[in-house]
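A look at the structure
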Amino acid sequence: QVQLVESGGGLVQAGGSLRLSCAASGRTLSSNGMGWFRQAPGKEREFVAGINWRGGSTRYADSVKGRFTISRDNAKNTVYLQMNSLKPEDTAVYYCAAAPSRWYSGANPLEYDYWGQGTQVTVAS
């Protein structure tokens, strides 16, 4: 069983940056595709970014392209989400997720079978 724990969230001013981390325990994530999702109050959970097992394929939601960067360090069993130029509309709980397929980096939440508990990101205007 894999446990995912997100960290790095907090309160930041618009235009600022945060780096989220997702640490795994239980087993290695080096053979899993990984994703970041977010959910704002009153809205459905949405895809933010995904990365395959080697980091050679990444995907981003249009709303974060050019501002967010997903990366991974398999030696540390950790996935990161660097968020720059943050906007108030980025405010949400951010979740990381692991897909059973090493090649998957896409937006379908049904393709991910392990989820973290989430970390709150609040961007003040």
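Scroll up to find the structure.
Worth saying up front: this structure is predicted, and the values here are computed from it rather than measured. (Residues numbered from 1 in each chain as written. Predicted model: local features only at pLDDT ≥ 70, side-chain atom pairs only at ≥ 80, totals over all residues. Heavy atoms only, no water.)

Our next topic: the pattern of salt bridges. Pairing between side chains becomes possible if they bear opposite charge and their charged atoms approach one another. Using the criterion set out here, one finds four salt bridges in the structure. The salt bridge involving Glu-46 is made with Arg-38; its shortest N-O contact spans 2.6 Å. The exposure class assigned to Arg-38 is buried, which follows from its relative accessible area of 5%. Between Arg-67 and Asp-90 there is a salt bridge whose closest N-O contact spans 2.7 Å. Of this pair, Arg-67 sits in the loop between β6 (58–60) and β7 (68–73) while Asp-90 sits in the loop between β8 (78–83) and β9 (92–99), and the two are 23 residues apart along the sequence. (Salt bridge = Lys/Arg side-chain N within 4 Å of Asp/Glu carboxyl O. Buried < 20%, exposed > 50% of the residue type's maximum accessible area, 1.4 Å probe, protein only. Helix = DSSP H or I, 4+ residues; strand = E, 2+ residues; numbered from the N terminus.)

Let's shift gears to the packing of aromatic side chains. According to the stated counting rule, one finds six aromatic pairs in the structure shown. Ring plane angle 75° and centroid distance 5.6 Å describe the contact between Phe-37 and Phe-47, whose orientation is recorded as edge-to-face. Pair noted here: Phe-37 is in strand β4 (residues 33–39) and Phe-47 is in strand β5 (residues 46–51), with a separation of 10 residues, a long-range link. Comparing Phe-37 with Phe-47, the two get one shared label, buried. Aromatic pair Phe-37 and Trp-115: ring centres 4.9 Å apart, planes at 55°, arrangement tilted. Taken together, the positions of Phe-37 in strand β4 and Trp-115 in strand β10 (residues 114–115) put the pair 78 residues apart, joining distant regions of the chain. Residue Phe-37 is classed as buried on the basis of its relative accessible area, which comes to 1%. (Phe/Tyr/Trp six-rings, centres within 6.5 Å; stacked < 30°, edge-to-face > 60°.)

If you walk through the whole model with that rule in mind, you get one disulfide. Between the sulfur atoms of Cys-22 and its disulfide partner Cys-96 the distance amounts to 2.0 Å. Torsion about the S-S bond of the Cys-22 and Cys-96 cystine: about 55°, corresponding to right-handed handedness. Here the residue Cys-22 occupies a position in strand β3 (residues 18–25), and Cys-96 occupies one in strand β9, the gap between them amounting to 74 residues. (Disulfide = S-S within 2.5 Å.)

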